Amino acid sequence: MSPDIWMLLIFGACLVLGMPVAFALGLGGAAGIVTGLSPDMLATLGTNTYNSIAKYPLIAIPLFILTGIIFERAGVAASLVNFAQSLIGRRHGGLALVAVLVCLIMGGMSGSGPADAAAVAMVMLPSMTKAGYPRPFSASLIAAASSTAILIPPSIALILYSVMMPGLDLRALFAAGLFPGLLAGASLLVPAYFLAKRNGWETVKSTDEELPSIRASFVKAIPALLAPVIILGGLRSGLFTPTEAAVVAVTYGLLIGTFVYRQLNWSGLLEMFNDAVKISGIVLIIISLAGIFAWAGTTLGTFTRLADVILSISDSSLVLLLLVMLLVLLAGMLLDAISIYLILTPILVPLIQHFGWNPVWFGILLAMNIAIGQFTPPVAINLMVTTKVANIRLEETFGWAMLFMVTMFSALLLVLFFPQIALWLPEYLGYSTT
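Engineer: Talk me through the overall build of the protein chain; I want residue IDs and the actual numbers.
Structural biologist: Summing up its helical and strand segments, the protein chain has 20 helices and zero strands in all. Expressed along its principal axes, the backbone C-alpha trace of the protein chain runs to roughly 75 × 45 × 45 Å. Within the span of the protein chain, comprising 434 residues, buried residues form 55% of the whole. Relative to all contacts within the protein chain whose residues are 6 or more apart in sequence, the contacts with residues 24 or more apart total 80%. Accessible surface, the protein chain: about 18,100 Å² in total, of which carbon and sulfur atoms supply 68%.

What follows is the structure, encoded as structure tokens:
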């Protein structure tokens, strides 16, 4: 067998056996090096793993992971929920609208879907259950809405994509993700509203507790609402870089969590740091060992040959783009966002160059696909978080998850056929999109 086949076969076999993606990537790359180059070239493993993570933009990833954990535990979600409820009031689908809006705002703070899913689910699920929403529906809706964090800036996945595509302006990617993220959130509200109205969920009762006043809830929510304004405003003004924005986000989260919402203390701080280190370690191990796989695939020409195989399927740019989207969607059901970017980006770069696809627009399409995968079984990491909070089995949510997958995919198709949905804002702000 050719070295290409050995590399892909070993990688696939390791995944089937249940090996962590990081080690599967490392072993697959090592197999390609041994069979296609020379066992002596295994001496490059250390260099490749180091070079994969020795990149300045990647510093932002552990910091935004810490930001997500801080905002999850600082009481931010509760203040946002109270404000959203006071604005919307009690009506059919009101709590569903609140859940989606809070997920979108939280996404503008952390860039992490699972962190948003946990924070919003803990606050919203009891209220939605009391209002008559089935727990599988609520868990599915929150899981789907929190997946928009991969699109709403700052996004950890888009940071990694900018590293995989040297020369791309990360600020352009962040700006390009905003409107598609809002569109994806809106695509969830339509079925949620009609389902709530048809099934009589959340009917107003005379015994319902009075909602907080808009003014009081807004004042309490101001510190939380300022978080995305500070992060995105600082980026737009040039006050700080995306990496520095992550430091600002951590500092701001600690300040409001300690002195405004008073939910953080010293013992909790150490626990948050510990959790952030564990999650960041997992992410960076995946990135570092994927460097072996990427170097082997590039050196052997594996990725180029795979791209040639894809190009041989059709001469139509649209047909191949739809096939790529389907491939990424399937990958999103099985793998995490970090792994998908690391595995597929080197294969897709020749296609982007061949057809002249805009790399910023294409990166947003990848992110939207991966967002759908975050709440689509069998893996569905966001759904795993919300079902655990709801104390229900994952299988109970499959039907609702499929419904939201279809509606969010319709939003993806709009961005696919109308690229300006993603590209208008970065171009208006003067960022380079090529």
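Engineer: Explain unusual backbone geometry residue by residue, including any values.
Structural biologist: Across the chain, the bulk of peptide bonds are trans and the bulk of non-glycine residues have phi less than zero. The phi dihedral of R262 falls on the positive side, at around 55°, and the residue is not glycine. Note that R262 resides in the loop between α12 (242–260) and α13 (266–300). Of note, N391 is a non-glycine position whose phi angle comes to about 60°, a positive value. The topology assignment puts N391 in the loop between α18 (381–390) and α19 (398–417). By relative accessible area, which is 65% here, N391 ends up exposed.

Engineer: So what's going on with the packing of helix α1 (residues 3–16) against α13? Residues and values would help.
Structural biologist: When two helices pack together, their arrangement is given by the angle between the helix axes and by the axis-to-axis distance. Two elements in contact, α1 and α13, have axes separated by 10 Å at closest approach and are oriented at 160°. Comparing the axis directions of α1 and α13 gives the class roughly antiparallel. The chirality of how α1 crosses α13 is left-handed. Contact residues: α1 offers P3, D4, M7, L8 and F11, while α13 offers F293, A296, G297 and L300. The residue inventory of the contact of α1 with α13, partitioned by class, reads seven nonpolar, one polar and one charged.

Engineer: Kindly report on the nonpolar core, identifying the contributing residues and their values.
Structural biologist: Grouped together as the largest cluster of nonpolar side chains are 146 residues, with contacts concentrated most on V76, M106 and F362. The greatest single-element share of this core, amounting to twelve residues, is contributed by helix α16 (residues 337–355). The residues contacting M106, other than those within four sequence positions of it, are F71, V76, A77, L80, D116, A119 and V120.

Engineer: Help me get a handle on helix α7 (residues 113–130), residues and values and all.
Structural biologist: Turn by turn, an α-helix covers 3.6 residues, leaving residues three or four places apart pointing in a common direction. Between its first and last C-alpha, α7 extends 25 Å over 18 residues, near the 26 Å set by a 1.5 Å rise per residue. Along its length, α7 reaches its greatest deviation from straightness, about 40°, at A121. Within α7 the residues assigned to the buried category are G113, A115, D116, A117, A118, A119, V120, A121, M124, L125 and M128.

Engineer: Can you tell me about the packing of aromatic side chains, naming the residues and giving the values?
Structural biologist: On inspection of all chains with the given rule, the structure shows 15 aromatic pairs. With a centroid separation of 6.1 Å and an interplanar angle of 25°, the aromatic rings of F179 and W424 are classed as stacked. With F179 in helix α10 (residues 170–199) and W424 in helix α20 (residues 420–428), this pair connects stretches of sequence that are 245 residues apart. Using a relative accessible area of 42% as the deciding quantity, one classes W424 as partly exposed.

Engineer: Go over the packing of α7 against helix α8 (residues 135–146) with me, naming the residues and quoting the values.
Structural biologist: Put simply, α7 and α8 touch, their axes get as near as 9 Å, and they point 150° apart. Comparing their axes, α8 and α7 come out roughly antiparallel. Pair α7 / α8 crosses with right-handed handedness. Here α7 contributes G113, D116, A117, V120, A121, M124, L125, M128 and T129 to the contact with α8, which in turn contributes R135, S138, A139, L141, I142 and S146. Tallied by class, residues from the contact of α7 with α8 come to nine nonpolar, four polar and two charged.

Engineer: Go over the layout of surface pockets, please, and point to the residues and values.
Structural biologist: Of the pockets and cavities examined, the largest pocket occupies roughly 1,300 Å³. Sort the elements by how many residues they give to the lining of the largest pocket and α13 lands first, with seven residues. When grouped by side-chain class, the residues that make up the lining of the largest pocket number 36 nonpolar, seven polar and four charged.

Engineer: So what about the side chain of T386? Which residues, and what values?
Structural biologist: Its place among the elements puts T386 in helix α18. Of the polar contacts made by the side chain of T386, one reaches the backbone oxygen of A139; its length is 3.0 Å. Not counting residues up to four positions away in its chain, the partners in contact with T386 are A117, A121, L125, A139, I142 and A143.

Engineer: Requested: an account of the pattern of salt bridges, with residues and values cited.
Structural biologist: Evaluated as defined, the whole model comprises six salt bridges. In this structure, E271 engages R73 in a salt bridge whose closest nitrogen and oxygen atoms are separated by 3.8 Å. Of this pair, E271 sits in helix α13 while R73 is found in helix α4 (residues 60–73), placing the two residues 198 residues apart along the sequence. For R73, a relative accessible area of 29% translates into the label partly exposed. With a closest N to O distance of 3.2 Å, R393 and E395 form a salt bridge. According to the relative accessible area criterion, R393 is exposed, its value standing at 53%. One salt-bridge network, in which partners are shared between bridges, spans R73, E271 and D275.

Engineer: How would you summarise the environment of L15 if you had to cite specific residues and measurements?
Structural biologist: With respect to the helices and strands, L15 occurs in helix α1. L15 gets classed as partly exposed once you look at its relative accessible area, which sits at 27%. A C-alpha to C-alpha distance of 10 Å links L15 and L334, two positions 319 residues apart in sequence. When residues no more than four places from it in sequence are discounted, the contact partners of L15 are V21 and A24.

Parameters at a glance
- Residues numbered from 1 in each chain as written.
- Predicted model: local features only at pLDDT ≥ 70, side-chain atom pairs only at ≥ 80, totals over all residues.
- Heavy atoms only, no water.
- Helix = DSSP H or I, 4+ residues; strand = E, 2+ residues; numbered from the N terminus.
- Buried < 20%, exposed > 50% of the residue type's maximum accessible area, 1.4 Å probe, protein only.
- Contact = heavy atoms within 4.5 Å.
- Areas by Shrake-Rupley, 256 points an atom, 1.4 Å probe, with all protein chains shown as cover.
- Axes fitted to C-alpha atoms, helices over the stretch in contact; angles between N-to-C directions.
- Parallel < 35°, antiparallel > 145°, perpendicular 65-115°, else oblique.
- Left-handed = near helix turned anticlockwise from the far one by under 90°.
- Nonpolar A, V, L, I, M, F, W, Y, C, P; charged D, E, K, R; others polar.
- Core = buried A, V, L, I, M, F, W, Y, C linked by side-chain atoms within 4.5 Å.
- Expected span 1.5 Å × (residues − 1).
- Bend = angle between axes of the 7 residues up to and from the residue.
- Phe/Tyr/Trp six-rings, centres within 6.5 Å; stacked < 30°, edge-to-face > 60°.
- 1 Å grid on protein atoms, 1.4 Å probe; cavity = no way out; pocket = protein on both sides within 12 Å on 5 of 7 lines; lining within 4 Å.
- Points joined across faces, edges and corners; volume = space filled by probe spheres on them.
- Polar contact = N/O pair within 3.5 Å; in protein donor to acceptor, adjacent residues only side chain to side chain.
- Salt bridge = Lys/Arg side-chain N within 4 Å of Asp/Glu carboxyl O.

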